[in-house]
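Spelled out from the first residue to the last, the chains are:
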Amino acid sequence: MTVKKDKRPSWDEYFLDIVHLVSRRSTCLRRSVGALIIKDKRILATGYNGTPSKVRHCSETGCLRERLKIPSGERHELCRGLHAEQNALLQASLHGVSVHGGTLYCTNQPCVICAKMLINAGIKEIVFQHGYPDPLAGEFFEEAGIVLRKLEEDSKCVAPTARKKTTG
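Quick caveat: nothing in here was measured; it's all calculated off a predicted structure. (Residues numbered from 1 in each chain as written. Predicted model: local features only at pLDDT ≥ 70, side-chain atom pairs only at ≥ 80, totals over all residues. Heavy atoms only, no water.)

J.: Please clarify how the sheet that holds strand 1 (residues 34-39) should be interpreted in this entry.
T.: Ordered by their spatial adjacency, 5 strands build an open sheet running 2-1-3-4-5, and the pairing between neighbours is mixed. Looking along the sheet, the strands with just one partner apiece sit at the ends: strand 2 (42-48) and strand 5 (147-150). Looking at each pair of strands side by side, their axes are set apart by 20° on average, direction ignored. As paired elements, strand 4 (residues 125-130) and strand 5 share 4 bridges and run parallel to each other. Paired with Ile-126 across the bridge in strand 5 is Leu-148. (Pairing = 2+ DSSP bridges. Helix = DSSP H or I, 4+ residues; strand = E, 2+ residues; numbered from the N terminus. Axes fitted to C-alpha atoms, helices over the stretch in contact; angles between N-to-C directions.)

So this is what it looks like as structure tokens:
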């Protein structure tokens, strides 16, 4: 009897699957984003978008950006939450983990505020699936020499909630 083994995911598929799982912890009412920082194929930190610790979630207070009709990609300061990339950097910092030379995997391309932080933290590459309406971020990454890789949404990476259950 031969046992059929599923194809092992590539490193990109593996890390993006984890990023999608992390994004499910998001407390944002508008968009669920997950981030993961790796180095030498080892996970250093994760983050998802949402309010700071000890601060009420938007599900309790409502979304200020929605009330003010602020378009995505604009006026980042008018939000109760932190971005997933920021939370991943903060998690690494809290635990004394250097991310210099690491790679960020993220569900969405980072905004310009996160771009500035990632550049100064020494991130060398960013892998993401969905775009974000912030062209200045792309300009900063290019100027800083950071590699941006957008993986197509129809790649073999499957979000954990979309996996088909198998029997037997």
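Moving on, there is more to tell.
J.: Where do I start with helix 5 (residues 112-121) in this structure?
T.: Structurally, the α-helix is built with 3.6 residues per turn, so residues lying three or four positions apart point the same way. If you check which residues of helix 5 are buried, you get Val-112, Cys-114, Ala-115 and Leu-118. Angularly, the buried residues of helix 5 cover 150° about the axis, an arc narrow enough to put them on a single face. Contacts made by the buried residues of helix 5 are with helix 4 (84-94), strand 3 (103-108), strand 4 and helix 6 (135-144). Downstream of helix 5 by one or two residues, Gly-122 has phi in the positive range, about 90°. (Buried < 20%, exposed > 50% of the residue type's maximum accessible area, 1.4 Å probe, protein only. Arc of directions from axis to C-beta. Contact = heavy atoms within 4.5 Å.)

J.: Help me out: how do you make sense of the nonpolar core in this one?
T.: For soluble globular proteins, the rule of thumb is that nonpolar side chains tend to be buried together. Grouped together as the largest cluster of nonpolar side chains are 23 residues, with contacts concentrated most on Ile-37, Leu-104, Leu-118, Ile-123, Ile-126 and Phe-141. Sorting the residues of this core by element identifies strand 1, helix 4, strand 3, helix 5, strand 4 and helix 6 as the ones contributing at least two each. In this structure Ile-126 touches Leu-104, Pro-110, Leu-118, Phe-141, Ile-146, Val-147, Leu-148 and Arg-149, once residues within four positions along its chain are discounted. (Core = buried A, V, L, I, M, F, W, Y, C linked by side-chain atoms within 4.5 Å.)

J.: So what exactly am I meant to see when it comes to the packing of aromatic side chains here?
T.: For any two aromatic rings, the description comes down to two numbers: the centre-to-centre distance and the angle of the planes. All told, the structure shown has 4 aromatic pairs when counted by the stated rule. Consider the rings of Trp-11 and Phe-15, whose centres lie 5.6 Å apart with planes at 25°: the pair is stacked. Residue Trp-11 and its partner Phe-15 are both found in helix 1 (residues 11-23); the two are separated by 4 residues, about one turn of the helix. Assessed through its relative accessible area of 40%, Trp-11 is described here as partly exposed. You can call Phe-15 buried: its relative accessible area is 1%. Aromatic pair Phe-15 and Tyr-105: ring centres 5.1 Å apart, planes at 45°, arrangement tilted. (Phe/Tyr/Trp six-rings, centres within 6.5 Å; stacked < 30°, edge-to-face > 60°.)

J.: Please explain the environment of His-76 as it appears in this structure.
T.: Locating His-76 in the fold gives a position in the loop between helix 3 (64-67) and helix 4. In sequence terms His-76 and Ile-113 are 37 residues apart; their C-alpha atoms lie 8.2 Å from each other. Setting aside residues up to four positions removed in sequence, His-76 forms contacts with Arg-65, His-83, Cys-111, Ile-113, Tyr-132 and Asp-134.

J.: Is there a simple way to think about the state of the cysteines in this case?
T.: Any covalent bond linking the sulfur atoms of two cysteines counts as a disulfide. One pass over the full model with this rule turns up 0 disulfides. Free of any disulfide, Cys-79 has its nearest neighbouring cysteine sulfur in Cys-58, separated by 5.8 Å. The exposure class assigned to Cys-79 is partly exposed, which follows from its relative accessible area of 32%. Of all cysteine sulfurs in the structure, the one in Cys-114 sits closest to Cys-111, which takes part in no disulfide; the separation is 3.8 Å. (Disulfide = S-S within 2.5 Å.)

Everything listed here is a matter of coordinates, which is why it stays silent on function.
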